[in-house]
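Breakdown of the fold
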Amino acid sequence: MSLSKLEDINLNQLENYSKDININYISSLKLSNYRNYKSYKASFDKYPIAFVGKNGVGKTNILESISLMQPGRGIRSVKLEEMSYKYSGNFGININLKKNEESFKIGSSLDLEVSKLRKVKVDGKYISPLLLTKYLAVISLTPLMDKIFIEGSTNRRRFFDKISWIFISSHAQNIRLYEKSIKERNNLLKDNSNDAVWFNNIEKQIVKYGTQIIIDRFKVLNILNAQIKDSTANFPKASMVFTGEIENTFSENSDLDYFKDFFSKTLYEKRKQDLYRGSTSIGPHRADLVVNYKEKDMKASLCSTGEQKSLLISIILSVAKSYKKYTNLSPILLLDEVFSHLDNDKKQSLSKEIENLKSQAFMTGIDESDFVTFNKDSCIINLDDSTNRSANEF
């Protein structure tokens, strides 16, 4: 089943696609002028890989380069020019992807002398970065996410949208088109425009793309909540819900035509109020993802730092398992400095979960000892001395 077909299939039907899992993995990586790497080459097997070494050696940079095999600006979300070697203004990332017994050569590059946008090629042909989710799914967990439950709602929405577009490839494009329409409406508001025709046209686009975004978010939300509910992993169970004026109406009404009409009327009614604000006050860009620690019936924002980390791991594992279950494809995990902050019990539990996933995972840490719980098929790459070894060679 292709990822794009997911949006047309109901949750019960999706169960039928979980029989034969295809192992997808990155078999090689080549970097040119990327971060601290003038050049870097490595070959990988389909098993978990841990990069270890001192701080500043470039462990996270490798994970970031792989994260650019998805839409957006990678796991750090920084300007593209900051990723180039010594701010040279250009870089190249090339991977060989093994998928469904096929092989794809995927490249992502930047050349500021040509364009401020990064270019993506698949087998020598240019494609939009938004289409990368058709080829592979990359699921990330980094230290930058540690405060996601106590930060503003924007980061939580972005976190969930990145999850959603690996299930539904059109989600990334819908987000871009929706944000473009919101920006156009905000410009009219700031200009104190009274052009009713232009407002109506823009609001039609907002309703069109905004409704699909909400549908896709709720669809993926239901999938993940169901997966977490049935999970036996040694991590706390999270429950997630989207809240917001428009989301509350959507969840309370099954009539899609009624919802679209409500959305459209509300945008119209709020024009005068939004003129004072200079921005659009309703829509999926105002939603919040509320996460609770299920067993304690406690908001994640009130949990301890350790509990928040474990809840994040629980969510990421549910994403990986659900993706395999509903697409027949194995995701690629990027786990940056995750093991170094876990106690031994949780380290062992997480390594077991990763091995049971039978998915490729790229991990980072300072000490090789963080990864001794993995089996002999896993590989440790020490960037300090450029050595590779099995995870249990100590």
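This text goes with the structure placed above it.
A short tour of the structure in this document, coming up. (Residues numbered from 1 in each chain as written. Predicted model: local features only at pLDDT ≥ 70, side-chain atom pairs only at ≥ 80, totals over all residues. Heavy atoms only, no water.)

**Description of the sheet that holds strand β1 (residues 25-34)**
Spatial ordering of the open sheet is given by β2-β1-β4-β5-β6-β7, a layout of six strands whose pairing is antiparallel. With partners counted over all chains shown, the strands left at the sheet margins are β2 (37-43) and β7 (125-127), one partner each. Between one strand axis and the next, the sheet turns by 20 degrees as a mean value, whatever way the strands run. Sheet topology places strand β5 (residues 102-111) next to strand β6 (residues 119-122); four bridges connect them, and they run antiparallel. Looking at β6, one finds that Ser109 is bridged to Lys119. Contacting β1, β2 and β4 (90-99), helix α2 (residues 59-67) crosses the sheet at an angle of about 110 degrees to β1. (Pairing = 2+ DSSP bridges. Helix = DSSP H or I, 4+ residues; strand = E, 2+ residues; numbered from the N terminus. Axes fitted to C-alpha atoms, helices over the stretch in contact; angles between N-to-C directions. Contact = heavy atoms within 4.5 Å.)

**Things to note about the environment of Leu112**
Its location among the elements puts Leu112 in the loop between β5 and β6. For Leu112, a relative accessible area of 35% puts it in the partly exposed group. Sequence separation between Leu112 and Gln360 is 248 residues, and the spatial gap between their C-alpha atoms is 33 Å. (Buried < 20%, exposed > 50% of the residue type's maximum accessible area, 1.4 Å probe, protein only.)

**Here we look at empty space enclosed by the protein**
By the definition in use, this model includes two cavities of 30 Å³ or more. Volume-wise, the largest cavity comes out at about 60 Å³. Together, Gln227, Ile228, Ser231, Ala233, Phe235, Ser314, Leu317, Ser318 and Lys321 line the largest cavity. Residue contributions to the lining of the largest cavity peak at four residues, all from helix α9 (residues 305-327). Class assignment for the residues of the lining of the largest cavity results in four nonpolar, four polar and one charged. Taken as a whole, the second largest cavity holds about 50 Å³ of empty space. Around the second largest cavity, the lining residues are Leu141, Ile313, Ile316, Leu317, Leu333, Leu335, Leu350 and Ile354. (1 Å grid on protein atoms, 1.4 Å probe; cavity = no way out; pocket = protein on both sides within 12 Å on 5 of 7 lines; lining within 4 Å. Points joined across faces, edges and corners; volume = space filled by probe spheres on them. Nonpolar A, V, L, I, M, F, W, Y, C, P; charged D, E, K, R; others polar.)

**What to know about the layout of surface pockets**
Each pocket or cavity is described by its volume, and for the largest pocket that value is around 1100 Å³. As for the largest pocket, its lining consists of 29 residues, and the residues nearest its centre are Arg158, Trp165, Ile175, Arg176 and Glu179. Elements with a contribution of two residues or more to the lining of the largest pocket: α3 (153-167), α4 (170-190) and α5 (196-229). Tallied by class, the residues present in the lining of the largest pocket amount to 12 nonpolar, six polar and 11 charged. Of the pockets and cavities examined, the second largest pocket occupies roughly 530 Å³. The wall of the second largest pocket is formed by 22 residues, among which Gly74, Ile75, Ser77, Met145 and Lys162 lie closest to the centre. Put simply, the parts of the chain that give the lining of the second largest pocket at least two residues each are β8 (138-141) and α3. The dominant element in the lining of the second largest pocket, judged by the number of residues it contributes, is α3, at seven residues. In terms of residue class, the lining of the second largest pocket is built from 12 nonpolar, six polar and four charged.

**Things to note about the pattern of salt bridges**
Taken as a whole and assessed by the stated rule, the structure comprises 15 salt bridges. Put simply, Glu64 and Arg76 hold a salt bridge, and the shortest N to O gap is 2.9 Å. One end of the pair, Glu64, is in helix α2; the other, Arg76, is in the loop between α2 and β4, with 12 residues separating them in the sequence. Judged by relative accessible area, which is 0%, Glu64 ranks as buried. One salt bridge connects Asp146 with Lys309, and the closest N-O pair in it is separated by 3.0 Å. Taken as a pair, Asp146 in the loop between β8 and α3 and Lys309 in helix α9 lie far apart in primary sequence, 163 residues in all. The class of Asp146 is partly exposed, set by a relative accessible area of 27%. Each member of the salt-bridge network shares a partner with another, and the members are Arg185, Glu203, Arg271 and Asp274. (Salt bridge = Lys/Arg side-chain N within 4 Å of Asp/Glu carboxyl O.)

**Some thoughts on the packing of aromatic side chains**
All told, the structure shown has 15 aromatic pairs when counted by the stated rule. On the basis of an interplanar angle of 40 degrees and a centroid distance of 6.4 Å, the ring pair of Phe371 and Phe374 is categorised as tilted. With respect to burial, Phe371 and Phe374 carry one shared label: buried. An aromatic cluster is defined as three or more aromatic residues linked by ring pairs; in this entry it consists of Phe160, Phe218, Phe242, Phe250, Phe259 and Phe263. It is Lys346 that lies over the ring of Phe235; its NZ or CZ is 5.7 Å from the centre. (Phe/Tyr/Trp six-rings, centres within 6.5 Å; stacked < 30°, edge-to-face > 60°. Lys NZ or Arg CZ within 6 Å of the ring centre and 35° of its normal.)

**Topic: the environment of Ser193**
With respect to the helices, strands and loops of the structure, Ser193 is situated in the loop between α4 and α5. Sequence separation between Ser193 and Leu275 is 82 residues, and the spatial gap between their C-alpha atoms is 8.9 Å. Ignoring anything within four residues of it in the chain, the contact list for Ser193 reads Leu188 and Phe199. Within the local environment of Ser193, its side chain forms a polar contact with the backbone nitrogen of Asp195, the two atoms lying 3.2 Å apart. (Polar contact = N/O pair within 3.5 Å; in protein donor to acceptor, adjacent residues only side chain to side chain.)

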